[in-house]
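Geometric and topological summary
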Amino acid sequence: MPESNAPGIIKVDDAIVQARRLSLYLARLLTATPSLLDDIDLLTPCEVASPGEHSVSKEALHRQLRILRQRTLATLIVRDLAGWASLGEVTQAMTRLAEVSLHTALDWITSDLAGTAGTPRDAKGEVQQLIVAGMGKLGGGELNVSSDIDLVFVYPDEGETDGPRPLNNHEYFSRVGRLLIAALADISEDGFVFRVDMRLRPYGDSGPLAMSFDMLENYLVTQGREWERYAWIKARALTGAQHDRDALMALVRPFIYRRHLDYSVFASLRELHGQIRREVERRERSGNIKLGRGGIREIEFIAQSFQLIRGGHEAALRRQPTLEVLALLAARGVLPETAVQELSQDYEFLRKLEHRLQYRDDQQTHDLPVHNQAQEAIAHSMGFSDYAALLAELDHRRTRVSRQFDALFADAQAATHPLAALWTQSEGPEAVTGRLAALGFERPADMQARLAQMHGSARYRQMPAASQSRLDRLAPLAIEAAAAGGSRDATLERLLNFLDGVNRRESYLALLEEYPQARTHLAELMRASPWVAQYLTQHPILLDELLDARSLQAPPDWHALAQDLRAALDSASGDTERQMDTLRHFKHAQTLRLIAQDLSGSLPLETLSDHLSDLACTVLSEALRLVWLGVRQRTRAEPAFAIIGYGKLGGKELGYASDLDLVFLHEDSVDESPENYARLAQRINTWLTSTTAAGLLYETDLRLRPDGDSGLLVSSLAAFRTYQEQHAWVWEHQALTRARYVAGDATIGAKFETLRGDLLRRPRDIEALRREIAGMREKMHASHPNTSGLFDVKHGHGGIVDVEFVVQYLVLGHAHKHAALTGNIGNLALLKLAAKLGLISTADAEGAHAAYRTFRGMQHALRLQEARYARVPHESVSAHTAAVRRLWQNVMGGSLPDKTEMA
C-alpha cells in the first residue's frame, strides 16, 4: 500500500477538493455552508473543544452540538484523506466529540430541570448524578466517524429530587436519559450528533431506561448473560462524580472477569461468532468488513477472549482499546509477537477502510460498495490505483485475520475419538482390557477398572452437562497421551486423578480441550514425576503456564518478575485474601516453570537452587511489605526490620518442597517497637504458612533464633549480637556459616553480614572445635536410624551431612586467618577455596566436590519420585562415600564406619 502523504506534499485547497470528490457528504456540507472550514487549521491535528457557554434554549443547544459535529467530521475527512491524520487521531477525535456532546447536553438538561424537579438526592440527602456508561467503541475510545454510540444509564441510589415538583430518582433519571438521547439523536435541518443505541442495557429494549446500582448488580448476578460480559469489557463511565464512576466499574468487574482463568469463554465466543457468521451469510453480506470473515469483529474477539480468560488475574488486561490489549498480549507472551503485529496492522487497515466507506455518505456502513463509481472512489481514497488492487490487498489481510481467528477458535469438538469406547466401556471390560494391552499398558486390567470406576462414579454422573461432555472428549485424549511414551500406567493414573480433581471446574477442562499443547505438556510432566503430578493436581490453575513453551523455558528475570508481582499485589490493595492468593499463584507459577526446565535437562541443580532461593526472597520481600502496611501502630513508613535466611535458604540450596529457616531482626529504639515487630513477624509467618484456596506458600522453621522456641520471635540486632558472642552453642555458629540477609531493611542486613563475619572469624580452640563438631555429627546420625540396608545419601556416613560438617569446621577453625572462608558462596565453592588455601588436598576437595554434587542430584531426583528417604544401594555410590570418608578422616581425624554398618 502506498505511503501516506505528509503535510506539505498536498496543499490545503487541493486536499479539500480531493475530499469533496471522494466524500459526497462533505461535498453537500460545504455546498450548504462554504465557510464551515474557514477558521480551522487543517494542518494541525483535530481537537474537539467544548462549545463554551450553555445555550439558552433546547433548540440552540441542539444546533450548537450538530454544528460541532459537522466541523469535526469535515476536518477529519479532509485530514484523513490527505494522509495527515492517523487512525488514532480520527478515533480519538470522534470519541472526544461524543464525550463533549454528552457533557454539554447533560449539563444543560440538569440545569433546565433544576427549576422544577430540583436536584436528585438519596435517603441521606447526598446529591445523585447520572452515570452514563459508554459501551463498545465509545468506551474503548475507538469511535468510527459515522458510529452510533452505545450507552447505559445508571445512578447510585434511589431517592427523590428536592424541587417544587419532586420526582423519585428513577423517574428523574429516566427523563434526563430521554432528553439526552433526543439532544444527540434527533434529526434536524443540521443533521444529528450521534445515533444512540440503548439495547445493551439490562433487559434491552424492554428494560428501564435508567436503573440504580443495586438494580444493575442484581440483574448481572441473577440474569447477566455471557454475551453481556463481552459488552461490558469496553464499558467506561463518562459522567458523574469520580467516586461514583469508580463504584460502577467496581460493581461490574466481578461480572466481567472471573477470579479463575476462564477458558470456557472460547466456546461461548465461538457460538456467538457463529451466530454472526450465519446471519452474515443469510443476508449475503460477505463484503461486510466488520462482521464478515476476517473482519474487524474477529480481531476484537481475539483480544476480548484473552481479556475474559485472564483479566481476573491480570489487572493490566482490564483496558478498553483493542490495539493496547493486543500489544499487552504480545508483551506477556500470550500471543506470538508476529501474530500481534499482523493483527494490529490488519486492524488499522480495516478501520481506515471502514472510515472511507463512511466518509462517502455519512452512513453507518461496513459493506463494500457495489457501484463502479463508489468502488473507484474508495480505492483511490485508500491509495490504490483501482478497485481490483484494493480487493487483492483486502482479501490478503482478511485471510490472514481469519487464519489467526480459526487457529484460536477452531472447534475442539471433533468427530468421536477412536479411543472413546475405552472411556465409555461400550465394548465391554474384556475388549477394553485387550485394547489397553495393545496400546502397551502393563496392567491393562487395572487401567480398565480405573476408567470404569471414574466413568461410572457418582461424581461423574453429577457433573453439569457441559462439563461432562468436555470430560467425555478429554478422557480418550488422556489415554492417547499416556500411551505415547513410557510409564504408561502411571501416567494415565495421574492424568485421570488430575481430571477427576478438576471435573467440576469447566474452565480447566476447556483449556485442555482447546489447547493440545497444554495437554502434551501436562502428560510429559505427569510422566516425569509423581511429585510434579501431585503438585499440578493440587494447583490446577497452573495449567495456564503450559500454553507457551517459550515462556515455560525462558530463564527468570527476577527483577522484572518482582515488579510485575508488586503491581499485581497493589491492584488488589485492601483485599488481603486476594493478595495472599496472588502471592501463592506467583510462587506456584514460577516453581512450575523451573520444574519444566529442570525436567527438560536445561537447568543444572545449582542454578535451580539459586532460582528457588531468589523466588523465596522475592516472596518474602513482598509479604513483609504488605504485612507492614497492615500494622496499625507502625511508627515509621518502612520497618527497621530484616529477615535472615538460614539453612538451605541461606546457603542457596533450596529444593521444591524445602521449608524456610528464618530469623527476624530489628533495630528500632521506639518503645513500641518490640511489640510491633513481634506482631509483624507473627503475621509474616501466618502469610507464609496459611493454606488458602491457592494453597500454601512455605513451611517455616523459626527455631534457629536465639534461645530457640523459648526465645523472642524477633531480636534486636544488639541482643542478637550479645547472644551470639556470649551464649551461642557451637552448632549455632555452624548454622551461621549458611546464614544471609534475604529481605527487609538493607542497612540491618549489611550490619548482620558484618556481625556474621566477625563471629565466624573469631579464633577458636581447633581441637575443642573438632571434638564438638564430631560429637554433634554423631548425635545427628543417631537421630536418623536407617535399617533399610540402603545408603542414606544425606545422613549416612560418607554422605551430604559429613561434607557440610567438614566445611563448617574449616570455616569456624580457619576463618580468623582466611577471611574469604566467611563468604556465603556455597559448600562446593568452599571446598575448592579450602584446597586453594592449603587446608585440604586438591584430591580430597575434588573427590568430595564430585560426591556432594552427585548426592544432591540423587536426593533431588528421588524426591521428584516421591521417595520418603533419599536412599540408594551402597555399591552404586561406593566411590563417592569413600571420597567423603577420606576427607573426614584427613580433616576431622578418626574414620567413619564403612558401608557394612547401616548408614
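Note that this is a predicted model, so its numbers are computed, not measured. (Residues numbered from 1 in each chain as written. Predicted model: local features only at pLDDT ≥ 70, side-chain atom pairs only at ≥ 80, totals over all residues. Heavy atoms only, no water.)

**A word on the confidence of the model for the chain**
When pLDDT is averaged along the chain, the result is 90; 95% of the residues meet or exceed 70. Considering only residues more than four positions removed or in separate chains, one finds that residues 1-8, a stretch of pLDDT under 50, has 12 contacts. (pLDDT = per-residue confidence, 0-100. Contact = heavy atoms within 4.5 Å.)

**Focus on the packing of helix H22 (residues 506-514) against helix H23 (residues 516-528)**
For the pair H22 and H23, interaxial distance at closest approach is 5 Å and the crossing angle is 100 degrees. Compared by their axis directions, H22 and H23 come out roughly perpendicular. Residues Leu511, Leu512, Glu513 and Glu514 of H22 form the contact with H23, whose own contacting residues are Pro516, Ala518, Arg519 and Leu522. Split by residue class, the contact of H22 with H23 holds 5 nonpolar, no polar and 3 charged. (Axes fitted to C-alpha atoms, helices over the stretch in contact; angles between N-to-C directions. Helix = DSSP H or I, 4+ residues; strand = E, 2+ residues; numbered from the N terminus. Parallel < 35°, antiparallel > 145°, perpendicular 65-115°, else oblique. Nonpolar A, V, L, I, M, F, W, Y, C, P; charged D, E, K, R; others polar.)

**Considerations on the packing of helix H11 (residues 296-310) against helix H15 (residues 387-409)**
One can describe the packing of H11 onto H15 by two numbers: an axis separation of 9 Å at closest approach and a directional angle of 35 degrees. Considering how the two elements wind past one another, H11 and H15 form a crossing that is left-handed. Contacts from Glu298, Ile299, Phe301, Ile302, Ser305 and Phe306 in H11 reach Val401, Ser402, Gln404, Phe405, Leu408 and Phe409 in H15. Split into classes, the residues belonging to the contact of H11 with H15 amount to 8 nonpolar, 3 polar and 1 charged. (Left-handed = near helix turned anticlockwise from the far one by under 90°.)

**A look at the pattern of salt bridges**
For side chains bearing opposite charge, pairing can occur when the charged atoms are close. Counted under the stated rule, the structure contains 45 salt bridges. With a shortest N-O distance of 3.5 Å, Asp758 and Arg761 are connected by a salt bridge. Accessibility expressed as a relative area gives 38% for Asp758, which makes it partly exposed. The exposure class of Arg761 is partly exposed, given its relative accessible area of 30%. Each of Arg310, Glu314, Arg332 and Asp544 takes part in one network of salt bridges that share partners. (Salt bridge = Lys/Arg side-chain N within 4 Å of Asp/Glu carboxyl O. Buried < 20%, exposed > 50% of the residue type's maximum accessible area, 1.4 Å probe, protein only.)

**Considering a negative patch on the surface**
Together, Asp157, Glu158, Asp214 and Glu217 make up a negatively charged patch on the protein surface. Secondary-structure assignment places Glu158 in the loop between strand E3 (149-155) and strand E4 (159-161). According to the relative accessible area criterion, Glu158 is partly exposed, its value standing at 40%. (Patch = residues over 30% accessible without salt bridge, like charges linked within 9 Å, V, L, I, M, F, W, Y side chains within 5 Å. Areas by Shrake-Rupley, 256 points an atom, 1.4 Å probe, with all protein chains shown as cover. Lys, Arg positive; Asp, Glu negative; His and termini not counted. Charge placed at Lys NZ, Arg CZ, Asp CG, Glu CD.)

**Some details on the nonpolar core**
Counting residues in each nonpolar core, the largest one holds 209 residues, and the members touching the most others are Trp232, Leu248, Phe641 and Ile643. Per element, the largest residue contribution to this core is 13 residues, and it comes from helix H28 (residues 605-629). Beyond its immediate sequence surroundings of up to four residues, Leu248 is in contact with Ile131, Ala133, Val154, Phe213, Leu216 and Ala237. Judged by nonpolar contacts, the second largest core, of 65 residues, contains Leu30, Val78, Ala82 and Met198. (Core = buried A, V, L, I, M, F, W, Y, C linked by side-chain atoms within 4.5 Å.)

**Here we look at the packing of aromatic side chains**
Throughout the structure, instances matching the rule amount to 11 aromatic pairs. With centroids separated by 4.8 Å and ring planes inclined at 20 degrees, the aromatic side chains of Tyr155 and Phe173 adopt a geometry described as stacked. Separated by 18 residues along the polypeptide, Tyr155 in strand E3 and Phe173 in helix H6 (residues 169-185) bring together distant segments of the chain. For the ring pair Phe641 and Tyr677, a centre distance of 5.8 Å and an interplane angle of 25 degrees mean the geometry is stacked. Within this pair, whereas Phe641 is found in strand E8 (residues 641-646), its partner Tyr677 is found in helix H30 (residues 673-689), the two being separated by 36 residues in sequence. There is no split in this pair, since Phe641 and Tyr677 are both buried. Connected via pairs of aromatic rings, a cluster forms that spans Trp628, Phe641, Phe664 and Tyr677. Looking at Arg69, its charged tip hangs above the ring of Phe192, at a distance of 4.7 Å from the centre. Geometry around Tyr869 places Arg871 over its ring, the cationic atom sitting 3.9 Å from the centre. (Phe/Tyr/Trp six-rings, centres within 6.5 Å; stacked < 30°, edge-to-face > 60°. Lys NZ or Arg CZ within 6 Å of the ring centre and 35° of its normal.)

**Here we look at helix H18 (residues 444-455)**
With 12 residues, H18 extends 16 Å from end C-alpha to end C-alpha; this agrees with the ideal 16 Å at 1.5 Å per step. Within H18, the full set of buried residues consists of Pro444, Met447, Gln448, Arg450, Leu451, Met454 and His455. Axial view of H18: buried residues confined to an arc of 160 degrees, hence all on one face. Among the structural elements, helix H16 (420-424), helix H17 (429-438), helix H19 (458-461), helix H20 (465-483) and helix H21 (488-502) are those in contact with the buried residues of H18. (Expected span 1.5 Å × (residues − 1). Arc of directions from axis to C-beta.)

**As for the pairing of strand E9 (residues 660-666)**
For E9, a buried count of 7 out of 7 residues is recorded, marking the element as mostly surrounded by other parts of the structure. Of the two faces of E9, the one lined by Leu660, Leu662, Phe664 and His666 and the one lined by Asp661, Val663 and Leu665 are each fully buried. For E8 and E9, the ladder comprises 6 bridges, and the chain directions are antiparallel. Directly across from Ala642, in E9, lies its bridge partner Leu665. Pairing of E9 with strand E10 (residues 700-701), which is carried by 2 bridges, proceeds in the parallel orientation. Opposite Leu660, over in E10, you have Thr700 as the bridge partner. (Pairing = 2+ DSSP bridges.)

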